[in-house]
Amino acid sequence: MRKIFMWRWIFFLVGMMVMSLGISMTIKGQRLGIGPWDVLHVGLYQNFGLSIGTWGIITGFLIILVTAAVLKQWPQVGTWLNMVLIGLFIDLFNWLLPDFSSMTGQVSIFTCGVLVLAYGIGIYVAPNVGAGPRDSLMLILVDKLGIGVKKVRTMIEVTVAIAGWLLGGPVGVGTVIIALLIGQIVHYSLPQCRRLLLKIIQEDESVLFIKKMEKA
């Protein structure tokens, strides 16, 4: 059981790191536009300072407060880690990654970023350790409004994209691409990551069983 617990948390943490790398890559190609939530975070950063990752943490914390008030309970530890670590990782990768001045470079880093982001989501969601603040908000609205996940997700992302655009955040064709394609890619990446996690866990369990047999 400890092996299973360990691998679930490894996937969760690695997935958040990979997802943050993908977000930072799309931000480096922001001439095309970036994801709806990142439009908001960049807009807040441009107007009020701090950092993009810090605004991600602040908005995540505010969402947690709202969802906790509605559900009358605090979220899982994974949700808190998601809120803090993704913001920190985004700032780290924004610092490490170079800037791309040419349009070719921006298109390349953005395209790769979308794929990395989608697979990062698959890795971090696969172990089912805890949903991020924004995913929790989406699920609450689905329950309260009685409409489908796609409609609620679209409603949320359009709202935050407009808010970010009003603050000067970079909205463009890339924003639409992320909104439309991420879910489609995650449709494939999530089951792939779940199969990989199960395979690793089963192999570890098999090794432990063999060692026990050798000691007997």
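Calculation criteria
Residues numbered from 1 in each chain as written. Predicted model: local features only at pLDDT ≥ 70, side-chain atom pairs only at ≥ 80, totals over all residues. Heavy atoms only, no water. Salt bridge = Lys/Arg side-chain N within 4 Å of Asp/Glu carboxyl O. Helix = DSSP H or I, 4+ residues; strand = E, 2+ residues; numbered from the N terminus. Buried < 20%, exposed > 50% of the residue type's maximum accessible area, 1.4 Å probe, protein only. Expected span 1.5 Å × (residues − 1). Core = buried A, V, L, I, M, F, W, Y, C linked by side-chain atoms within 4.5 Å. Contact = heavy atoms within 4.5 Å. Polar contact = N/O pair within 3.5 Å; in protein donor to acceptor, adjacent residues only side chain to side chain.

1. Brief notes about the pattern of salt bridges
Considering all chains together, one arrives at one salt bridge under this definition. The partner of Lys28 in a salt bridge is Asp99, with the nearest N and O atoms 2.8 Å apart. A residue pair is termed long-range when its members are at least 10 positions apart, and Lys28 in helix 1 (residues 2-28) and Asp99 in the loop between helix 4 (77-96) and helix 5 (103-125) qualify at 71 residues. Using a relative accessible area of 11% as the deciding quantity, one classes Lys28 as buried.

2. Things to note about the environment of Val173
The residue Val173 is located in helix 8 (residues 173-215) in this model. Between the C-alpha atoms of Val173 and Leu13, which are 160 residues apart in sequence, the distance is 30 Å.

3. What to know about helix 3 (residues 52-71)
Helix length check: helix 3, at 20 residues, gives a terminal C-alpha distance of 28 Å against a target of 28 Å (1.5 Å per residue), a fit within 8%. Buried residues of helix 3: Ile52, Gly53, Trp55, Gly56, Thr59, Gly60, Ile63, Ile64, Thr67 and Ala68, and no others. Two residues or fewer past helix 3, Lys72 is found with a positive phi of approximately 60 degrees.

4. A closer look at the environment of Gly168
As for its placement among the helices and strands, Gly168 is situated in the loop between helix 7 (149-166) and helix 8. Taking C-alpha positions, Gly168 is 18 Å from Thr54, a pair spaced 114 residues apart along the chain.

5. Overview of the nonpolar core
Ranked by internal contacts, the top residues of the largest apolar core, which has 38 residues, are Met19 and Ile182. Those elements that place two or more of their residues in this core are helix 1, helix 2 (36-48), helix 4, helix 5 and helix 8. In terms of residue count, helix 8 provides more of this core than any other element does, nine residues in total. The residues touching Ile182, leaving out its near neighbours within four places in the chain, are Val114, Leu117, Ala118, Ile121 and Ile177. Of all hydrophobic cores here, the second largest spans 11 residues; its members include Trp37, Leu40, Trp55 and Ile156.

6. Points about the side chain of Thr59
Relative to the helices and strands, Thr59 resides in helix 3. Within the local environment of Thr59, its side chain forms a polar contact with the side chain of His41, the two groups lying 3.0 Å apart. Excluding residues that lie within four positions of it along the chain, Thr59 makes contacts with His41, Leu44 and Arg134.

7. What to know about the environment of His41
On the secondary structure map, His41 appears in helix 2. The exposure class assigned to His41 is buried, which follows from its relative accessible area of 5%. Taking C-alpha positions, His41 is 5.5 Å from Ile52, a pair spaced 11 residues apart along the chain. Dropping the residues within four chain positions of it, His41 is found in contact with Ile52, Trp55, Gly56, Thr59 and Arg134.

Worth remembering: the numbers are spatial, not functional.
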